[in-house]
Amino acid sequence: MRVKTLVENTSLSEHFENEHGLSLYLETEKHTVLFDSGCGSLFVENAQKLGVDLSKVEYFILSHSHLDHGGGIPEFLKANRTAQLYIHERAFDGFFAELPNGDYWSIGIDASLRDHPRVIGTQDLLVIDEELELFSDVTGQEFPSTANHHLLMKEGGTYRQDTFAHEQNLIINESGHTVLIAGCAHRGIVNIVNRFREMKGRWPDVVIGGFHLYNSQKRKSEDPELVHQIGAFLKQTGAVYFTGHCTGLEATRLLIEQLGPQVRALSSGLVFDTKNL
Ligand SMILES: [Fe+2]
Ligand SMILES: [Fe+2]
């Protein structure tokens, strides 16, 4: 599978802009997929630079209802007239970040998208075909991230800690070569990878995504000891990990230090083939 990184927090070179967000264009054996859109129109700009024809994308998959992943959906709908958009049915509830001054800032996607004719509301598990599969039923509680504490959902007029029921992960299976893609891994990359193993009876070959190890409210990386413990788990799976975005620069650096070439950094403009690492 070929991956073209359209949006990430850093850039491969000055030729590509970056923003706090994630958007990945995937060319699999059978399909073209856009996984997340970043915040706005940057993914369109970088898609042009990387020779990606967004009008030909067959599936749009939203990892979870945060604007740094789904803010560009209206731009995608303009650029593409045929793709189906797979969005978790809980993604249209209200989501907020608590700011350091105690205010609540809405960070969820536009709820009116629920009624768009090309949007398909997903639940725990969806097998699109033999190559693409979505899952969101991650119940493991290992290594919870403190970077989730200020992320809230609104229920019955009150704000409470987000349970991330709206977070889904993508499995790509190309003739036995399996890739797991997570957006922010709010439910924990260890728990997500463990759920993959429960489902498939093996570890993935490649994992791509943010691991949510940077607390944007406190502007601080997770405790290095927690990062190290997560790194030890990731190492024993034998998978290759591409990360960045909400992992944060500090935790990404620590993981690369610990795991060597088993961990690689994502950047806007980065293109790679998961079968050729
Ligand atoms: Fe994110
Ligand atoms: Fe997020």
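These lines cover the structure that appears in this document, whether it is placed above or below. (Residues numbered from 1 in each chain as written. Chains lettered and ligands numbered in written order. Predicted model: local features only at pLDDT ≥ 70, side-chain atom pairs only at ≥ 80, totals over all residues.)

**Details of the environment of Trp-203**
At step 1: Tracing the chain through its elements places Trp-203 in the loop between α4 (189–200) and β15 (206–210).
At step 2: For Trp-203, a count of 17 C-beta atoms within 10 Å gives the class partly exposed.
At step 3: For the pair Trp-203 and Thr-178, spaced 25 residues apart in sequence, the C-alpha to C-alpha distance is 8.5 Å.
At step 4: With residues up to four places along the chain from it excluded, the contact list for Trp-203 reads Arg-197, Thr-237, Gly-238 and Ala-239. (Helix = DSSP H or I, 4+ residues; strand = E, 2+ residues; numbered from the N terminus. Buried ≥ 20, exposed ≤ 12 C-beta atoms within 10 Å, placed from the backbone. Contact = placed C-beta atoms within 7 Å.)

**Some details on the nonpolar core**
At step 1: Among the nonpolar cores identified, the biggest contains 70 residues, and Leu-24, Phe-60 and Ile-61 are the most heavily contacted of them.
At step 2: No other element matches α4, which puts five residues into this core.
At step 3: Discounting residues that sit within four places of it in the chain, Leu-24 has contacts with Val-3, Thr-5, Leu-6, Phe-35, Asp-36, Ile-181 and Ile-208. (Core = buried A, V, L, I, M, F, W, Y, C linked by C-beta atoms within 7 Å.)

**Some points on helix α6 (residues 248–259)**
At step 1: For α6, spanning 12 residues, the distance from its first C-alpha to its last is 16 Å, which sits close to the expected 16 Å at 1.5 Å a residue.
At step 2: Contacts made by the buried residues of α6 are with β16 (214–215), β17 (220–221), α5 (224–237), β18 (240–244) and β19 (263–265). (Expected span 1.5 Å × (residues − 1).)

**A closer look at the sheet that holds strand β20 (residues 271–273)**
At step 1: The strand order across the open sheet built from seven strands is β8-β5-β4-β3-β2-β1-β20, with neighbouring strands paired in mixed fashion. The two strands at the open ends of the sheet, each matched to only one other strand, are β8 (119–122) and β20. Put simply, the sheet's adjacent strands are angled 20° from each other on average, direction ignored.
At step 2: With four bridges connecting them, strand β2 (residues 23–27) and strand β3 (residues 32–35) associate as antiparallel partners. Looking across to β3, one finds that Glu-27 is bridged to Thr-32.
At step 3: Against the sheet, helix α1 (residues 42–49) touches β1 (2–7) and β2, its axis set at about 135° to β1. (Pairing = 2+ DSSP bridges. Axes fitted to C-alpha atoms, helices over the stretch in contact; angles between N-to-C directions.)

**Topic: the environment of Ala-182**
At step 1: Mapped onto the fold, Ala-182 is located in the loop between β14 (177–181) and α4.
At step 2: C-alpha of Ala-182 to C-alpha of Thr-274: the two residues are 92 residues apart in sequence and 15 Å apart in space.
At step 3: Discounting residues that sit within four places of it in the chain, Ala-182 has contacts with Ser-63, Asn-169, Ile-189, Ile-192 and Gly-209.

**What about the pairing of β14?**
Consecutive side chains of a regular strand alternate in pointing toward one face of the sheet and then the other.
At step 1: A large share of β14 lies buried, amounting to four of its five residues.
At step 2: Hairpin geometry of strand β13 (residues 169–174) and β14 is characterised by an intervening segment of two residues between the two adjacent antiparallel strands and by a positive phi of about 45° at Ser-175.
At step 3: Judged from the three bridges that link them, β14 and β15 form a sheet pairing that is parallel. Considered in β15, the bridge of Ile-181 is made with Ile-208.
At step 4: Handedness of the crossover joining β14 and β15 through α4: right-handed. (Right-handed = clockwise from strand over helix to strand, strands pointing away.)

**So, the pairing of β13**
At step 1: Of the pairings in the sheet, the one linking strand β10 (residues 132–135) to β13 comprises four bridges and is antiparallel in character. Paired with Glu-133 across the strands is Ile-171, a residue of β13.
At step 2: In this structure, β13 lies alongside β14, joined through five bridges in antiparallel fashion. Across the sheet, the residue bridging to Glu-174 is His-177, located in β14.

**With respect to the packing of α5 against α6**
Packed helices, taken two at a time, are described by the angle between their axes plus the distance between the axes.
At step 1: Relative orientation of the contacting elements α5 and α6 amounts to 45°, with a least axis distance of 10 Å. The orientation of α5 relative to α6 falls into the category oblique. Seen from above, α5 lies across α6 with right-handed handedness. Residues Pro-224, Val-227, His-228, Gly-231, Leu-234 and Lys-235 of α5 form the contact with α6, whose participating residues are Ala-251, Leu-254, Leu-255, Gln-258 and Leu-259. (Parallel < 35°, antiparallel > 145°, perpendicular 65-115°, else oblique. Left-handed = near helix turned anticlockwise from the far one by under 90°.)

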